[in-house]
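Inside the fold
Here are the chains, one letter per residue:
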Amino acid sequence: MTPVAGRGAGSPAPLSADVARVAGVSRKTVSRVLNNEPYVSDAVRQRVLDAAEELGYRLNHAARALASGRNRSIGVVALGTAGYGTAMLLVGIEKAVRDAGYALRVVNTPDGAPEGIAGAVMSLLEQGVDGIVVSEPVVEGRVSVRIDVPVLFLGAPPSFPSGRTLTVGVGAHALARAATDHLLDLGHATVHHLAGPQRWYASKDRMEGWRAALAARGAQEPPVIQGDWSPESGYAAGRELASDNSVTAVFAAGDEMAVGLIHALREGGRRVPEDISVVGFDGNPVFAYVTPPLTTVRQPFDAAALEGIRLLVHAIEQPERELPPASEPPVELVVRGSTAPPPSPQEQTVPRAV
């Protein structure tokens, strides 16, 4: 690479023209690379990035905001919960936003009520965000606020008006099918389902995936057991199921419920997985170290966040262009010690009262 003469400690900050000269490309190409736009070959992109690093070039976000009318910030409306899935999705969003060269602003809502979401959105708009991410999973009813910036919905359908909306799923339906198929593949005649609260879109998606897997295999659909994501609700479900010898497999819509379920089953004299197999959902790594280690499906938090932010930035920076096609999130089944083939009648243990 050609060095830039005379750039010492007291020299002015490098400009995009300097990067273009060192990389041997046009300033427009430099702009495309640094704004993560398409239509640049990998070799040219790397050359520009190497030149920018060599020169110590950094994008001047304040100048760009004045020139473009944008503040280079993205807002997120998130449910105020410490749940593993919600927290990991927010971590993925933060990284994707930062990598895209934007600042992140987060507003939590306490319970997903429409008025709380409307207030969160208004707060973000007042801060001048260029786009909004709604990772709010429990919207009920229509939010009465008009939004004039692009809005990305992660896993949930649009629930309020906006000039441009995008939806990127986290693959909950496909993951739930994979969890159910795993149990059916082991030879279980059917699979019971411990569901999350039905106010959550994620819970509905997982239930539909479970139903679709059973229907595709011609398996009977047992009654749904209702939980609330907590291990306590899983424990209550386990007490209910432990006395039913016909139950040999359960798909729980969340890892924490699955662990509570297993605890109650074992207290009730049912062995896991020898008598009853259990699959969770989320992929919390902590539950690789419970007894037995939990089989689960891992949510692709990073992939969903990266894909969503890629599309949102495209909508912000190139509003006149069609959105590129969205890629499907990966499906990852993590098989551990909580699943096995169903027991033969002579192998089943006798449940005890709990």
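Residues numbered from 1 in each chain as written. Predicted model: local features only at pLDDT ≥ 70, side-chain atom pairs only at ≥ 80, totals over all residues. Heavy atoms only, no water.

Observations concerning the confidence of the model for the protein
Short version of the rule: Values of pLDDT, ranging from 0 to 100, describe the predictor's confidence in every residue of the model. Any pair of residues with heavy atoms lying within 4.5 Å of one another is described as a contacting pair.
When pLDDT is averaged along the protein, the result is 84; 81% of the residues meet or exceed 70. For residues 60–67, every residue scores under 50 in pLDDT, and the model assigns this stretch 10 contacts once sequence neighbours within four places are set aside.

Some words on unusual backbone geometry
What counts here: Helix and strand definitions here come from DSSP, where helices need a minimum of 4 consecutive H or I residues and strands a minimum of 2 consecutive E residues; each element is numbered from the N-terminal end. Whether a residue is buried, partly exposed or exposed follows from its accessible area with a 1.4 Å probe, protein chains only, as a fraction of its type maximum: under 20%, in between, or over 50%, in that order.
V272 connects to P273 through a cis peptide bond whose omega is 15°. Cis geometry marks the peptide bond from T291 to P292, where omega comes out at -10°. Checked against the element boundaries, P292 lands in the loop between β9 (277–282) and β10 (295–298). Within the chain, W229 stands out as a residue other than glycine whose phi angle is a positive 80°. A positive phi angle is found at D282, which is not glycine, with a value near 135°. Looking at D282, the relative accessible area reads 13%, which means it is buried.

What to know about helix α8 (residues 201–217)
Where we set the bar: What a helix should span is 1.5 Å times the count of its residues minus one.
When the terminal C-alpha atoms of α8 are compared, their 25 Å separation across 17 residues agrees well with the 24 Å that a helix rising 1.5 Å per residue should span. For α8, the complete set of buried residues consists of Y201, A202, S203, R206, M207, G209, W210, A213 and L214. Of the surrounding elements, those touching the buried residues of α8 are α7 (172–185), β6 (192–195), β8 (249–252) and β9. Positive phi shows up at G218, right after α8, with a value of about 70°.

Notes on the sheet that holds β10
Test applied: Pairing between strands is defined by DSSP: at least two bridges between the two strands are required.
The strand order β7-β6-β8-β9-β10-β11 describes an open sheet built from 6 strands, whose pairing is mixed. Every other strand in the sheet has two partners, leaving β7 (225–226) and β11 (332–334) as the edge strands with one partner each.

Some points on the packing of helix α5 (residues 84–99) against helix α11 (residues 301–317)
Under the convention used in this document: Convention adopted: a line fitted to C-alpha atoms gives each axis, helices being fitted over their contacting stretch, and angles between N-to-C directions are expressed from 0 to 180 degrees. Each angle receives one of four descriptions, namely roughly parallel if under 35 degrees, roughly antiparallel if over 145, roughly perpendicular if within 65 to 115, and oblique otherwise. Left-handed describes a crossing whose near helix is turned anticlockwise from the far helix by less than a right angle; the clockwise case is right-handed. When residues are grouped by polarity, Ala, Val, Leu, Ile, Met, Phe, Trp, Tyr, Cys and Pro land in nonpolar, Asp, Glu, Lys and Arg in charged, and all others, Gly among them, in polar.
Interhelical geometry of α5 versus α11 gives an angle of 45° and a closest axis separation of 8 Å. Between α5 and α11, the crossing angle belongs to the class labelled oblique. Read as a crossing pair, α5 and α11 show a hand that is right-handed. Contact with α5, carried on its side by Y84, G85, M88, L89, G92, I93, A96 and V97, involves F301, D302, A305, L306 and I309 of α11 and no other residues of that element. Its residues assigned to classes, the contact of α5 with α11 shows 10 nonpolar, 2 polar and 1 charged.

Concerning the packing of aromatic side chains
As a reminder of what qualifies: Side-chain rings of Phe, Tyr and Trp, where Trp is taken by its six-membered ring, are said to pair if the distance between their centres is within 6.5 Å; with planes under 30 degrees apart they count as stacked, over 60 as edge-to-face, and otherwise as tilted. In this analysis the charged atom, NZ for Lys or CZ for Arg, is taken to sit over a ring once it is within 6 Å of the ring centre and within 35 degrees of the ring normal.
Under the counting rule described, the total for this entry stands at 3 aromatic pairs. Where Y84 meets F301, the ring centres are 6.0 Å apart and the plane angle is 80°; that geometry is what we call edge-to-face. Of this pair, Y84 sits in helix α5 while F301 sits in helix α11, and the two are 217 residues apart along the sequence. The class for Y84 is partly exposed, based on a relative accessible area of 21%. Where F251 meets F281, the ring centres are 6.3 Å apart and the plane angle is 50°; that geometry is what we call tilted. Within this pair, whereas F251 is found in strand β8, its partner F281 is found in strand β9, the two being separated by 30 residues in sequence. In this structure, F251 and F281 share a single accessibility class: buried. In this structure, R72 is placed above the aromatic ring of Y102, and the distance from its NZ or CZ to the ring centre is 4.0 Å.

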